[in-house]
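Chains, contacts and geometry: an overview
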Amino acid sequence: ERLGVGGWAWIAEPPVEGRAYLAFADPMKGEQSHGSARRDTHGCGILREGYLDAAKIHHPTELVAAIYVEDPGEFSGAACRWELSVLAHRLWLLAGYYGGCTIVPEENNYGGVLIKELLDLGADVWQREEPDHERGARRTLRKYGYQTNSKTKRYWVEELAKSIFEQTFICRFKPAVAQLAAFVQND
């Protein structure tokens, strides 16, 4: 579904009371696409947790909404390269539409700026716990967002591939489907 020409949200399923939603944000830095025909873009959306309906039919986890920006030069217009303050505000609005759900942003690179903008808006930003090495391993620090590194990225890609293969995750957002088609399944 498109929300008008030049719209900024793709919505496959409106929020339903009693269902669980989670927003995610992977803000772009742009370095990954240096010299590439496809420039890096922000990746943000809403996931709906799987559920059983009244007839006891299971509906798997699904990407139900995504930040979408009309851009005729890109595949399906999914090129979102807004300033982080604009991205934070629109993501906060989208998360609010889905019941004020928690937003899980990437902390790396420009993520720290996005996290600050989201916190300034009063968003519910996900926090992780890490050992406080300065004050002893038994103490923990709470930090906003998630860290991406080669180990976590490999894990997430493997889990996503497994979820798609096992049909426990549904994605109908065409730009994401096009990127997922590039996955290669190894033995």
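Our structure is the block above this text.
The numbering scheme is per chain: residues are counted from 1 as the chain's sequence reads. Two thresholds apply to this predicted model, a pLDDT of at least 70 for residue-level local features and 80 or more for giving and counting side-chain atom pairs, whereas whole-chain, interface and lining totals are computed over all residues. Derived side-chain values reflect all non-hydrogen atoms in the structure, with water molecules and hydrogen atoms excluded from consideration.

**A few points about the overall build of the protein**
- Per the secondary structure count, the protein includes four helices and 10 strands.
- When the helices and strands of the protein are read in sequence order from the N terminus, they spell out β-β-β-β-β-β-α-β-α-β-β-α-β-α.
- Considering only contacts within the protein whose residues lie at least 6 apart along the sequence, 54% involve residues at least 24 apart.
- By element, 51% of the accessible surface of the protein is carried by carbon and sulfur atoms, the whole surface being about 11,900 Å². Numbered from the N terminus, helices here are DSSP runs of H or I no shorter than four residues, and strands are runs of E no shorter than two. Contact criterion: two residues are considered in contact whenever any of their non-hydrogen atoms come within 4.5 Å of each other. Methods summary: accessible areas were calculated by the Shrake-Rupley approach with a probe of 1.4 Å, and residue burial reflects only the protein chains presented.

**Quick word on the packing of aromatic side chains**
- To pair, rings of Phe, Tyr and Trp, with the six-membered ring standing in for Trp, must have centres within 6.5 Å; the planes then decide the type, stacked if under 30 degrees apart, edge-to-face if over 60, and tilted in the middle. By the definition in use, this model includes four aromatic pairs.
- Seen in terms of ring centroids, Tyr 21 and Tyr 98 are 4.9 Å apart; in terms of plane orientation they differ by 55°. Their pairing is tilted. With Tyr 21 in strand E2 (residues 21-26) and Tyr 98 in the loop between helix H1 (84-97) and strand E7 (103-105), the pair connects residues that are 77 residues apart, well separated along the chain.
- Note on exposure labels: buried denotes an accessible area under 20% of the residue type's maximum, exposed denotes more than 50%, and partly exposed covers the range between, all computed with a 1.4 Å probe on protein chains only. For Tyr 21, a relative accessible area of 12% translates into the label buried.

**Some remarks on the side chain of Arg 128**
- Assignment of secondary structure puts Arg 128 in strand E8 (residues 127-132).
- Throughout this description, a polar contact denotes any pair of N or O atoms lying within 3.5 Å of each other; where both atoms belong to protein, one of them has to be capable of donating a hydrogen while the other can accept it, and for residues adjacent in sequence the pair is counted only when both atoms sit in side chains. Polar side-chain contacts of Arg 128 include one of 3.2 Å to the backbone oxygen of Tyr 144.
- Setting aside its immediate chain neighbours within four residues, Arg 128 contacts Glu 107, Leu 141, Arg 142, Lys 143, Tyr 144, Gly 145, Tyr 146 and Gln 147.

**Describing the environment of Leu 22**
- Turning to its location among the elements, Leu 22 is positioned in strand E2.
- In this structure the C-alpha to C-alpha distance between Leu 22 and Arg 48, which are 26 residues apart in sequence, comes to 6.6 Å.
- Setting aside residues up to four positions removed in sequence, Leu 22 forms contacts with Gly 45, Ile 46, Leu 47, Cys 101, Thr 102 and Val 104.

**Observations regarding the packing of H1 against helix H2 (residues 111-120)**
- Lines fitted to C-alpha atoms define the axes here, with helix axes fitted over just the stretch in contact, and angles between the N-to-C directions of these axes take values from 0 to 180 degrees. The geometry of H1 relative to H2 is characterised by a closest axis approach of 9 Å and an angle of 50° between their N-to-C directions. Viewed along their axes, H1 and H2 adopt a mutual orientation that is oblique. For the crossing formed where H1 meets H2, the hand is right-handed. Across from Leu 84, Ser 85, Leu 87, Ala 88, Leu 91 and Trp 92 in H1, the residues of H2 making contact are Val 113, Leu 114, Glu 117 and Leu 118.
- When residue character is reported, Ala, Val, Leu, Ile, Met, Phe, Trp, Tyr, Cys and Pro are called nonpolar, Asp, Glu, Lys and Arg charged, and the others, Gly included, polar. Looking at side-chain class alone, the contact of H1 with H2 contains eight nonpolar, one polar and one charged residues. Orientation categories follow fixed angle ranges, with anything under 35 degrees roughly parallel, anything over 145 roughly antiparallel, 65 to 115 roughly perpendicular, and all other angles oblique. Should the near helix be turned anticlockwise from the far one by less than a right angle, the crossing is termed left-handed; should it be turned clockwise, right-handed.

**Observations regarding H1**
- Helices are assigned an expected span. That span is 1.5 Å times one less than the residue count. The first and last C-alpha atoms of H1 sit 20 Å apart over 14 residues, in line with the 20 Å expected at 1.5 Å per residue.
- Contacts made by the buried residues of H1 are with strand E1 (9-11), E2, strand E3 (43-48), strand E6 (61-67), E7 and H2.
- Gly 99 lies just past H1 and shows a positive phi near 75°.

**Regarding a nonpolar patch on the surface**
- A patch is a set of surface residues, each over 30% in relative accessible area and not in a salt bridge, joined within 9 Å for like charges and within 5 Å for the nonpolar side chains Val, Leu, Ile, Met, Phe, Trp and Tyr. Put simply, a salt bridge is a Lys or Arg side-chain nitrogen that is within 4 Å of an Asp or Glu carboxyl oxygen. A surface patch of nonpolar side chains, about 220 Å² in accessible area, is lined by Trp 92, Leu 93 and Leu 121.
- Relative to the assigned elements, Trp 92 resides in helix H1.
- The exposure class of Trp 92 is partly exposed, given its relative accessible area of 31%.

**Description of the environment of Glu 106**
- Structurally, the position occupied by Glu 106 is in the loop between E7 and H2.
- Separated by 38 residues in sequence, Glu 106 and Tyr 144 have C-alpha atoms that sit 8.7 Å apart.
- A polar contact is formed between the side chain of Glu 106 and the side chain of Thr 148, at a distance of 2.6 Å.

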